[in-house]
Amino acid sequence: MAAPFKKKIPILLEKDCEFRLDVREGKVLEVRKEGYFVFWQPWVDPGTGEIRDSDASVVAHSVVATEDRYGRLHIINRPMATPIRPDQVRRAERLPIEIARMDFRRQYVFAVQRMLDNDELKPTRADFEAQVIKIAARGKLFYEEHMAAKARRSSKRGGARIRKTAEEKAKEFEFSQGVQSGRTYWKWYQQWKTHGDEGLFDGYRKCGGHSRYSDEVATYVERLVDMLLDEERQTVSSIVDSITAAIEAENERRIRQPVPEAGMPVVGYDYIRKVIIDRAPLDHAIRQKGWDRAYKDFHFLGLGIETSRALERVEIDEYTVDLMVLMRDVGLFDHLPASVKQFIGLDGEPSRVTLSAAIDVHTRCLLALQIVPQGHESPLRDTVEMIYMDKAPISDAAGCSFTWHQGGAPEMIVLDRGARYVTDEAYAVLASLGITNMGAPAGKPWLKPFIERVFRTIHDKLLQNFSGRTFGNVVDRGENDPAKRATLTLEAFLCWLVRWTVDAYHTTTHSALGMSPNQAWEKAFKDCETRSISTEEMREAFGIKTRRKIGRHGVLVKHVAYQDDNVIRLASTSGVREVEVLRWHGDIGTIGIRHDDGP
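A. Representation of unusual backbone geometry in the model. The residue Asp-119 is not glycine, and still its phi comes out positive at about 60 degrees. According to the relative accessible area criterion, Asp-119 is exposed, its value standing at 71%. Residues other than glycine seldom take positive phi values, yet Lys-558 does so here, at roughly 55 degrees. In this structure, Lys-558 sits in the loop between β14 (554-557) and β15 (560-562).

B. Local environment of helix α21 (residues 565-573). Capping the start of α21, Asp-564 holds a side-chain oxygen 3.3 Å from the backbone nitrogen of Asn-566, two or three residues further along. Two residues or fewer past α21, Gly-575 is found with a positive phi of approximately 75 degrees.

C. Structural detail: the sheet that holds strand β1 (residues 18-21). Sheet architecture is open: five strands sit in the order β6-β3-β2-β1-β7, paired in antiparallel fashion. Strands at the two margins of the open sheet, each flanked by one partner only, are β6 (55-59) and β7 (73-77). When strand polarity is set aside, the average angle formed by the axes of neighbouring strands in this sheet is 35 degrees. When strand β3 (residues 36-40) meets β6, the two strands line up antiparallel, connected through five bridges. When the bridges of β6 are listed, Phe-37 appears paired with Val-58.

D. Spatial organisation of the state of the cysteines. In total, this model carries zero disulfides according to the counting rule given. Cysteine Cys-495 is unpaired, with the sulfur of Cys-400 as its nearest cysteine sulfur at 8.2 Å.

E. Main features of the packing of aromatic side chains. Inspection of the entire model under this criterion finds twelve aromatic pairs. Measuring from centroid to centroid gives 6.0 Å for Phe-110 and Trp-192, while their planes differ by 80 degrees, and the two rings are edge-to-face. Separated by 82 residues along the polypeptide, Phe-110 in helix α2 (residues 96-117) and Trp-192 in helix α6 (residues 182-195) bring together distant segments of the chain. Judged by relative accessible area, which is 33%, Phe-110 ranks as partly exposed.

F. Spatial organisation of the nonpolar core. Core analysis: the largest hydrophobic core is formed by 50 residues, its most contacted members being Ile-316, Val-384, Tyr-388, Ile-413, Leu-433 and Phe-542. Residue contacts for Tyr-388: discarding those within four places in its chain leaves Gly-408, Ala-409, Pro-410, Leu-433, Ile-435, Ile-533, Met-538 and Phe-542. In this structure, Met-102, Phe-104, Tyr-108 and Ala-136 belong to the second largest nonpolar core, which totals 20 residues.

G. View of the environment of Asp-596. With respect to the element layout, Asp-596 can be found in the segment after β17 (592-594). Distance from Asp-596 to Leu-95, taken between C-alpha atoms, is 8.7 Å for residues 501 residues apart in sequence.

H. Region of interest: the packing of helix α7 (residues 220-228) against helix α8 (residues 236-255). Contact geometry for α7 and α8: axes closest at 10 Å, N-to-C directions at 130 degrees. Comparing their axes, α8 and α7 come out oblique. Two packed elements cross with a definite hand, and for α7 against α8 that hand is right-handed. Across from Tyr-220, Val-221, Leu-224, Val-225 and Leu-228 in α7, the residues of α8 making contact are Ile-239, Ser-242, Ile-243, Ala-246, Ile-247 and Glu-250. Residues belonging to the contact of α7 with α8 are distributed by class as follows: nine nonpolar, one polar and one charged.

I. Quick look at the packing of helix α14 (residues 379-388) against helix α20 (residues 535-542). For the pair α14 and α20, interaxial distance at closest approach is 11 Å and the crossing angle is 170 degrees. Classified by the angle between their axes, α14 and α20 sit roughly antiparallel to one another. Residues Arg-381, Val-384, Glu-385 and Tyr-388 of α14 touch α20, and the partners they reach there are Met-538, Ala-541 and Phe-542. Residues belonging to the contact of α14 with α20 are distributed by class as follows: five nonpolar, no polar and two charged.

J. How the structure looks around the pattern of salt bridges. Taken as a whole and judged by the stated rule, the model has 26 salt bridges. For Arg-32, the salt bridge is made with Glu-30, and the minimal N-O distance between the two is 3.4 Å. Judged by its relative accessible area of 29%, Arg-32 falls in the partly exposed class. The exposure class of Glu-30 is partly exposed, given its relative accessible area of 38%. One salt bridge connects Arg-72 with Glu-67, and the closest N-O pair in it is separated by 2.7 Å. Connected via shared salt-bridge partners are Glu-14, Arg-78, Arg-531 and Glu-537.

K. The sheet that holds strand β16 (residues 578-583), seen in detail. Read across the sheet, five strands follow the order β15-β14-β13-β16-β17 without closing on themselves; strand pairing throughout is antiparallel. Unpaired on one side and paired on the other, β15 and β17 mark the two borders of the sheet. For this sheet, the mean angle separating the axes of adjacent strands, direction not counted, is 35 degrees. Across the sheet, α21 is in contact with β13 (544-551), β14, β15, β16 and β17; its angle to β13 comes to roughly 60 degrees.

Calculation rules
Residues numbered from 1 in each chain as written. Predicted model: local features only at pLDDT ≥ 70, side-chain atom pairs only at ≥ 80, totals over all residues. Heavy atoms only, no water. Buried < 20%, exposed > 50% of the residue type's maximum accessible area, 1.4 Å probe, protein only. Helix = DSSP H or I, 4+ residues; strand = E, 2+ residues; numbered from the N terminus. Polar contact = N/O pair within 3.5 Å; in protein donor to acceptor, adjacent residues only side chain to side chain. Pairing = 2+ DSSP bridges. Axes fitted to C-alpha atoms, helices over the stretch in contact; angles between N-to-C directions. Disulfide = S-S within 2.5 Å. Phe/Tyr/Trp six-rings, centres within 6.5 Å; stacked < 30°, edge-to-face > 60°. Core = buried A, V, L, I, M, F, W, Y, C linked by side-chain atoms within 4.5 Å. Contact = heavy atoms within 4.5 Å. Parallel < 35°, antiparallel > 145°, perpendicular 65-115°, else oblique. Left-handed = near helix turned anticlockwise from the far one by under 90°. Nonpolar A, V, L, I, M, F, W, Y, C, P; charged D, E, K, R; others polar. Salt bridge = Lys/Arg side-chain N within 4 Å of Asp/Glu carboxyl O.

Printed below as a string of structure tokens:
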């Protein structure tokens, strides 16, 4: 068992973080050793109705952690995450039909993008209107293929279809045809280019509101830049000249109107250059200089990737080995009982097992390591969840000498463009957590070299040195002597994998660091403490949504009755009988509930 140690108090807030504790809202001005220095906004005492003035005080780390465990900590805005507009609806609060409507529009946008890539469509509204029938037909095909793929995924491992209840079928939404307006497709495409998937949500939740979008879905300059960048070998100077001429022509047109309109100011070179760099740096470089020159300019040189703190950059990837060949080579196949062989699919035929891992680039510590079950469609979600979670119980259960405590909130995650990583669920999780997503293209291993290197280490130091049922010097033979015990359980294999990670890899001096990953983590933690997130944010990102009945007893989930004053009031006064429940297995002490489209 791991040696006892003082329980670590997580750092849940950072400087400039806006949050709410119960009824008080505040902003962190400084993170100190003794706690958070917080500026509190004016607030109303719910007991007396008295308005309290704003003030500043120090709140201990343990107090915030305790409030988080009781579900009273709510994060309003984090400085390192994308700011949430007052009128913006968070993805976790979207209704299923809203997501279905957005998904329907996105398939038509994907069809438009494919036509633009194949030079079948010009990036002008006039051409969109001229080819509206072709766009509608191509978009309908994309949508039908997308729905067929979703239906195919709704099956068990053996291929049997999953029978859905009437309630589950009622939540499924499918649309038959698109619109017949080229201007609408143009508007969708421009909104998607500017705001991503968030730009494709409509005003459905307003329940009958007839809000309409303006024709100018982006600023005039950004629209012109989008069109001009599609032309071959455009220089910044030529783009500036084209935009200047376009603005002057637009101003002249406005002046000649029966009722003259106000003109637009002519923007300068620096502003247009900044717009180009922000919107399409690589795209512009390829068109201006050609692929070879752009590749050299954007390729990593010198020292390569540099980081200044832990969790600044995390790389995630998968490593697949032929388990059948591995077991035969190391002499383990004959020691496996028939039940274990059947469980992991070893029947004499080639069988591949996949390891999913995450590594912190700054310290080279493994933040997550798991075996991906066969047929699992979204391993990224589970791997990212493991990065955030405290893995000390895992190392304790495996009998490690050290503790697997490395984890926290990453700033950037680098992953490949594999089919199981490029999913809507994966992107939604990363977006909800405010993580920068860097997708490395296939065939470019130098864009994520550290996780590639650690997989070679796993193969060379762990799997190839697996002798009998021991890992060389990592795990003592002890009671696992093959002469005394002729079987190997799957649990023992997983325990050895954890023990090698915690007691061998993390404690061995790394040539690039000059110290072990454990020592590098401790040093980085002293320089800049890693950030954690609240259980509410974990629940929104990784929780499972279900529906449960509500009554005077509260809400019963997994044989646990959850109660508070709001729940009892909702059940007794409003006549509500069923609510949507959001539950995360990492914190079963608190759940989130919602009725209809409420908070």
